[in-house]
Amino acid sequence: MAASLAPAVSLCDVLVVGAGPAALCMATALAQRQLAVILLAARDPWRPWPNTYGIWGHELDELDLGFLLAHRWRRCSSVFLGKEHNHGLDYGLIDKHGLQGYWRQLCGQHGVRVQRDAAAAIRHHPDHSHVDGASGQSYRARLVVDATGHQPVFVQRPRCVAVAQQAAYGVVGRFSTPPIRPGSFVLMDYRNSHLSPEQQQEPPTFLYAMDLGNGRYFVEETSLAAYPPLPFPLLKHRLEQRLDRQGCAVEQVQEVEQCLFPMNLPLPDRRQRVMGFGGAATMVHPASGYMLGSLLRRGPDLAAAIAQALEEGRRGAALSRAAWGNLWSDDLVRRHGIYRFGLEKLMRLGSNDLQAFFHTFFQLPQPLWSGFLTNTLPLASLTGAMVRLFAAAPWSVRRHLLRPRGRELNLLLTGLLLR
């Protein structure tokens with residue numbers, strides 16, 4: 001009983017729950033708007049992140065954050081149907097320690113209070129919310145932002161019957177011969193001659209790889225999306241088969257990466273009192289699996305909208321509605337529905353048709369395919385790009401795209417009509 005009677009921490013403007021990139025991005029963006037922010041982290045927010053984060057170079061350059069790249073590749077390509085595509089855009093690898101240090105400095109500079117505690121329960125009042133921590137401490141905030149990932153603590157979303165997940169197994173190490181061209185980055189290499197005829201009928205996977213310099217490479221076998229997701233042992237075996245076919249032996253494994261995250265989760269209910277950000281707010285891009293660029297780009301805009309709403313005197317449900325309306329505007333909701341529709345289509349394509357699709361996709365003008373992958377195309381441009389893609393695709397792909405199956409039609413309607 002004593003723990004439940006612990007005094008509440010003084011009222012703050014925003015309580016951000018989480019310890020990953022989304023939480024740090026949101027907490028610092030809010031604090032830079034002179035808001036009183038508490039970061040409620042169940043684990044050490046400065047503990048090193050296990051996964052790699054890739055991003056198109058121009059996404060950071062446009063935000064004046066290019067210094068956060070550990071590597072930048074001018075030579076960026078993919079392989080579809082045995083043909084190499086030079087994408088003509090820089091690709092970069094995030095300096096994870098540098099990004100954490102950047103956010104840590106901003107937290108200190110702008111007065112973010114970091115509390116090591118796990119959020120356990122929440123109660124809403126007309127003008128604020130009350131969060132109970134697992135420690136027995138309680139916290140009060142005018143707005144609570146849940147940034148705890150794809151299985152959020154507080155944010156509610158509709159149930160998804162079949163969750164498609166992107167899975168990947170990769171290693172950082174040294175090899176007997178370069179697994180890819182030295183000095184290059186490979187976005188998607190769909191060559192599958194190393195697989196047996198039976199394996200080639202299974203869901204396709206591709207190689208994602210980069211030269212890290214000094215004889216070190218990162219190679220990863222990746223599934224675009226599938227449900228159920230492809231298991232890590234299968235991805236590991238396919239990666240080994242791919243390298244064996246090249247006569248490339250792994251001489252030293254320095255790191256192993258296993259990634260699994262949902263690609264097609266429905267959007268949260270925008271009427272709820274708890275605000276979401278990052279995976280908790282379904283910000284993973286269904287077309288690419290990327291999210292970090294979106295966090296960096298949209299976080300400051302969301303923080304500005306929250307600060308303005310607070311300045312206007314909005315509290316409670318009115319404040320959370322203003323926040324949700326900024327993060328998931330009607331335009332973005334429609335685009336998300338279209339992207340989910342497209343993902344459903346791609347998951348039904350066999351290896352040859354999928355490669356034909358991507359071969360056609362990357363023939364689009366660069367601003368269209370780049371904007372498609374970064375989710376920066378306005379709705380009219382997005383639909384226009386899809387029409388151009390359909391018109392240019394081979395008949396085998398168009399026939400598949402024309403045939404509605406499962407929930408595809410409902411997803412497309414979500415992209416055209418608001419629920």
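Scroll up for the structure.
Cut-offs and rules
Residues numbered from 1 in each chain as written. Predicted model: local features only at pLDDT ≥ 70, side-chain atom pairs only at ≥ 80, totals over all residues. Heavy atoms only, no water. Buried < 20%, exposed > 50% of the residue type's maximum accessible area, 1.4 Å probe, protein only. Helix = DSSP H or I, 4+ residues; strand = E, 2+ residues; numbered from the N terminus. Salt bridge = Lys/Arg side-chain N within 4 Å of Asp/Glu carboxyl O. Pairing = 2+ DSSP bridges. Axes fitted to C-alpha atoms, helices over the stretch in contact; angles between N-to-C directions. Contact = heavy atoms within 4.5 Å. Disulfide = S-S within 2.5 Å. Polar contact = N/O pair within 3.5 Å; in protein donor to acceptor, adjacent residues only side chain to side chain. Parallel < 35°, antiparallel > 145°, perpendicular 65-115°, else oblique. Left-handed = near helix turned anticlockwise from the far one by under 90°.

A. Focus on unusual backbone geometry. Note that the residue after Tyr227, namely Pro228, is joined by a cis bond; omega there is 0 degrees. We note that Gln34 has phi near 60 degrees; this positive angle belongs to a residue other than glycine. The class for Gln34 is exposed, based on a relative accessible area of 67%. Backbone geometry at Asn375 places phi at a positive 60 degrees, although glycine is not the residue there. With respect to the helices and strands, Asn375 occurs in the loop between α9 (366–374) and α10 (379–392).

B. Up close: the pattern of salt bridges. Per the counting criterion, the structure on display carries 15 salt bridges. Between Asp331 and Arg335 there is a salt bridge, with its nearest N and O atoms 2.6 Å apart. Taken as a pair, Asp331 and Arg335 lie in helix α7 (residues 330–347) at a separation of four residues, close to a single helical turn. Relative accessible area serves as the criterion here: at 28%, Asp331 is assigned to the partly exposed category.

C. Summary view of the sheet that holds strand β13 (residues 184–189). The strand order across the open sheet formed by seven strands is β6-β5-β13-β14-β15-β12-β16, and the pairing between neighbours is mixed. Across the chains shown, the open sheet's two edge strands, defined by having one partner strand only, are β6 (83–86) and β16 (250–262). Adjacent strand axes in the sheet meet at a mean angle of 20 degrees, parallel and antiparallel pairs treated alike. In terms of strand pairing, strand β12 (residues 165–175) meets β16 through eleven bridges, oriented antiparallel. For Gly173, the partnering residue across the bridge sits in β16 and is Val253. This element, helix α4 (residues 232–246), spans β12, β13, β14 (206–213), β15 (216–226) and β16 of the sheet and lies at about 45 degrees to β12. Against the sheet, helix α8 (residues 351–361) touches β5 (75–80), β6, β13 and β15, its axis set at about 140 degrees to β5.

D. Inspection of the state of the cysteines at higher detail. Counted according to the given criterion, the structure contains zero disulfides. You can see Cys76 has no disulfide; the closest cysteine sulfur is in Cys259, sitting 18 Å from it. Cysteine Cys248 shares no disulfide, and the gap to the nearest cysteine sulfur, in Cys76, comes to 20 Å. Classification of Cys248 by relative accessible area gives buried; the value is 3%.

E. Seen up close, the side chain of His87. Secondary-structure assignment places His87 in the loop between β6 and β7 (91–94). Only 2.7 Å separates the side chain of His87 from the side chain of Ser78, close enough to count as a polar contact. Setting aside chain neighbours within four positions, we find His87 in contact with Cys76, Ser77, Ser78, Leu187, Phe362, Gln366 and Trp369.

F. Quick look at the packing of helix α5 (residues 292–311) against helix α6 (residues 317–327). Following both chains from N to C, one finds α5 and α6 inclined at 155 degrees, their axes separated by 9 Å at the closest point. Classed by the angle they form, the pair α5 and α6 counts as roughly antiparallel. Once α5 is placed against α6, the crossing between them reads as right-handed. Counted together, Arg298, Asp301, Leu302, Ala305, Ile306, Ala309 and Leu310 of α5 and Leu319, Ala322, Ala323, Asn326 and Leu327 of α6 form the full contact between these two elements.

Remember, this is a structural readout, not a statement about activity or role.
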